[in-house]
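Notes for the structure review
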Amino acid sequence: MGELKLMKGNEALAESAIRYGCDAYFGYPITPQSEVIEYLSEQNPYERTGMVVLQAESELAAINMVYAAGAAGKRVMTSSSSPGVCLKQEGIAYIAGAEVPCVYADVVRGGPGLGTIQPSQADYFQAVKGGGNGDYKNIVLAPASVQEMADFVALGFDLAFKYRMAVCILSDGAIGQMMEKVVLPEQKPRMTEEEIKAKYPWALTGRKRGTQHRVITSLDLDSNKMEEHNRHLQAKYKMVEENEVRYEEINCEDADYVFVAYGSSARIAQKSVQLGREQGLKLGLLRPITLFPYPTKAIENLINHGVKGFLSVELSCGQMIEDVRLACNGRVKAEHFGRVGGIIHTPEEVLEAMKKQIIGE
Amino acid sequence: MAGFKGAVSVDTERCKGCGVCVVNCPMQVLGLAKEVNGKGYNYAYMAEPDKCIGCASCGIVCPDGVISVYKVKL
Amino acid sequence: MTVEDIIKPENLVYEKSKLLTSKPFHYCPGCGHGTIHRIIAEVIEELGIDEKTIGVSPVGCSVMAYDYFDVDFIEAAHGRATACATGIKRVWPDKVVFSYQGDGDLAAIGTCETIHTCNRGENITMIFVNNGIYGMTGGQMAPTTLEGMKTATTPYGRKATLPAGAGFDGIPNNGYPLHITELIARLPGTKYVTRQAVYDPAHVRKAKAAIKKAFENQINGKSGVNFVEIVSNCNSNWKMDPVKANQWLVENMLPEYPLGDIKVDGKLVEK
């Protein structure tokens, strides 16, 4: 049985990493996620489990430490917030190209540029559609509670190593900073050298004499091999799309109209569903938990079952709406509503937007 | 006089004919061949094999590691 | 005694290290990278650490160094080799980790990582190849380019400040050759800092001994960067034949970048 605690989302993420048996965290402070590295530093994880915690000189250095330590077969993670995650994109592209497993959390704040330290969901494109160069995807998990901040560390590492790719925990300033009760997992042991060698033959652990040396690289100057490598990556992403879609449906069974929202927006939209139902509107909420792979089929199914329109609720000027519209493929109306600049929409204004933009009074 | 006699073998197909071995041979044994290898390089060869003492200077400076050195005590 | 009589396995006194793969180096004829690769491989072989060595290659001419060393390798992003080396060494403290970088990688785009890796005193070996120019991208100015030296981006010679005329006299221009090695030697996190060359057999031997020390220090120590700069050539971009390039190196590079130990066992060497 796990342990029940009252924690900030950022702290839950950090504690959960120690308990998962994470080998190393490399990070750099930035609001609103600095609690991750502060909590880890305070907890002396090196003494608790042998986990390494290093405050790097920059986000760039941190992500490249993650890249190499992940290539060496260890469970490593980093976290940052929007402008810091921009800096990490170089390393993330290398991680994708070289197929290195790792977990990174992005506690999103408003942009562009230095923007604001308030919550935002305006980095959906960066996280889901890519932010570095080349054709690649990361698995993107969107926690909507402190509990999920904790839970997605284990899920993230499991998926990262299953597919040898980066997993992004796309949070936001609200989920990172809010306090909520959380059931923490039991402490797991870190993997031993023998276990790593047996389980991850690709990992850089020093090659045995008489065996082929290992190279972790994203470079190949042979165009045929590079095309083949890209096809291989795409086939892997397709497998992820087939096997790893996760979402939650709330009140969708009889819904005429459905909000689509993730993370903190989903918490607000859930209230809007209740308010709407009190007024006799059959509203539902589809909460994507994975943003890549996206629950496209869930939206198609809802349309097949009679849903007449969707409102994508995001703390952005409209990013996820593009995926909602792709899923709708013109069959029903899909619009966006969202506040930005650090303002969090109220359940009432979200409901009003549904009435005005989708239902049409 | 007791001494050493040496000889070198050059992997001529991998030699790039840079000439660094030629100038670093203390006994002026090596030269670049008039003939070329498959890549068009004038490869290194023992122009004066009798002078070689097997000091391995050529092998040590060869950027491409194409020179093996052999030596016998006289 | 004929040549055939001498060339027999039992008489072999020197050959390429077995820790180099069979792949021919892609480097230009006479390039110092090949020689430096060779002696690093010899050191790893002699120390018997090939089963626990992990190398980090940079971006630049030696980006594909991983093709030549028969040990595990990772290819880093431009300038980030020592961040990668840090990542590996921190999670595998018992492995032997070395980074291999050129002047653009280590002293321009990677300066931040270089300084902080050295300042943290990571227990790694850093190999720094300084030929005063960007090789891979076609001969542009490097931070270590000599004053007056012509490169693709300083076609009239590197000028620290703009010359007299039209009122530009003294305005900052290309800056000065960066002595990153002396700079990091002053950081308490560095243990062994030395500058070597590989243009002739005597210097190759010295450079190899330095590299060996830099690896041994790592194996026997717990902390402290072991840093070996090697002043090398780039005959293609210096636009000289390989033999002339080595002469030019002695006459021009070495006065600016004098050879020898700068710091030994954590103490600066008095000159």
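Let me begin by describing the structure that accompanies this report. (Residues numbered from 1 in each chain as written. Chains lettered and ligands numbered in written order. Predicted model: local features only at pLDDT ≥ 70, side-chain atom pairs only at ≥ 80, totals over all residues.)

1. A closer look at the overall build of chain C
Within chain C, the regular secondary structure consists of nine helices and 11 strands. Against the globule reference of 18 Å for 271 residues, chain C gives a C-alpha radius of gyration of 19 Å, in line with a compact fold. For chain C, the residues scored as buried account for 55% of the 271 residues in total. (Helix = DSSP H or I, 4+ residues; strand = E, 2+ residues; numbered from the N terminus. Rg over C-alpha atoms; globule rule 2.2 N^0.38 Å. Buried ≥ 20, exposed ≤ 12 C-beta atoms within 10 Å, placed from the backbone.)

2. A look at the overall build of chain B
When its secondary structure is counted, chain B shows two helices and four strands. Beginning at the N terminus, the succession of helices and strands in chain B can be written as β-α-β-β-α-β. Relative to a compact globule of 74 residues, whose C-alpha radius of gyration would be 11 Å, chain B shows 12 Å and is just as compact. Counting only C-alpha atoms, chain B reaches 40 × 20 × 15 Å along its principal axes. Taken over 74 residues, chain B has a buried fraction of 49%. Of the contacts made within chain B by residues no fewer than 6 positions apart, 64% connect residues no fewer than 24 positions apart. (Contact = placed C-beta atoms within 7 Å.)

3. Overview of the packing of helix α1 (residues 9-20) of chain A against helix α7 (residues 146-163) of chain A
All names here are of chain A. Interaxial distance between α1 and α7 falls to 8 Å at its minimum, and their mutual angle equals 35°. Relative to α7, the crossing made by α1 is right-handed. Between α1 and α7, the contacting residues are Gly9, Ala12, Leu13, Ser16, Ala17 and Tyr20 on the first element and Val146, Met149, Ala150, Val153, Ala154 and Phe157 on the second. The class makeup of the residues in the contact of α1 with α7 is 10 nonpolar, two polar and no charged. (Axes fitted to C-alpha atoms, helices over the stretch in contact; angles between N-to-C directions. Left-handed = near helix turned anticlockwise from the far one by under 90°. Nonpolar A, V, L, I, M, F, W, Y, C, P; charged D, E, K, R; others polar.)

4. As for the sheet that holds strand β9 (residues 215-216) of chain A
In spatial order, the strands read β9(A)-β3(C)-β2(C)-β4(C)-β5(C)-β9(C)-β8(C)-β10(C)-β11(C); together these nine strands make up an open sheet with mixed pairing. A single partner strand is all that each edge strand has here, and the edge strands are β9 of chain A together with β11 (267-268) of chain C. Of the pairings in the sheet, the one linking strand β2 (residues 53-57) of chain C to strand β3 (residues 72-75) of chain C comprises four bridges and is parallel in character. Looking at the pairing, Gly55(C) lines up with Phe73(C) of β3(C). Against the sheet, helix α2 (residues 32-47) of chain C touches β2, β5 (125-130) and β9 (225-231) of chain C, its axis set at about 160° to β5(C). Along the sheet, helix α3 (residues 81-91) of chain C contacts β2, β3, β4 (96-102) and β5 of chain C; its crossing angle with β4(C), the most-contacted strand, is approximately 175°. (Pairing = 2+ DSSP bridges.)

5. With respect to the interface of chain C and chain B
How big an interface is tends to be stated in terms of accessible area lost as the parts join. At the interface, 29 residues of chain C touch 28 residues of chain B. Put simply, the parts of the chain that give the side of chain C that touches chain B at least two residues each are α1 (3-6), β1 (12-14), α2, α7 (201-220) and α9 (242-256) of chain C. Looking at which element gives the most residues to the side of chain C that touches chain B, the answer is α2(C), with four residues. Both strand β4 (residues 67-73) of chain B and β1(C) contribute to a ladder of two bridges, which runs antiparallel. Looking at the pairing, Tyr70(B) lines up with Leu12(C) of β1(C).

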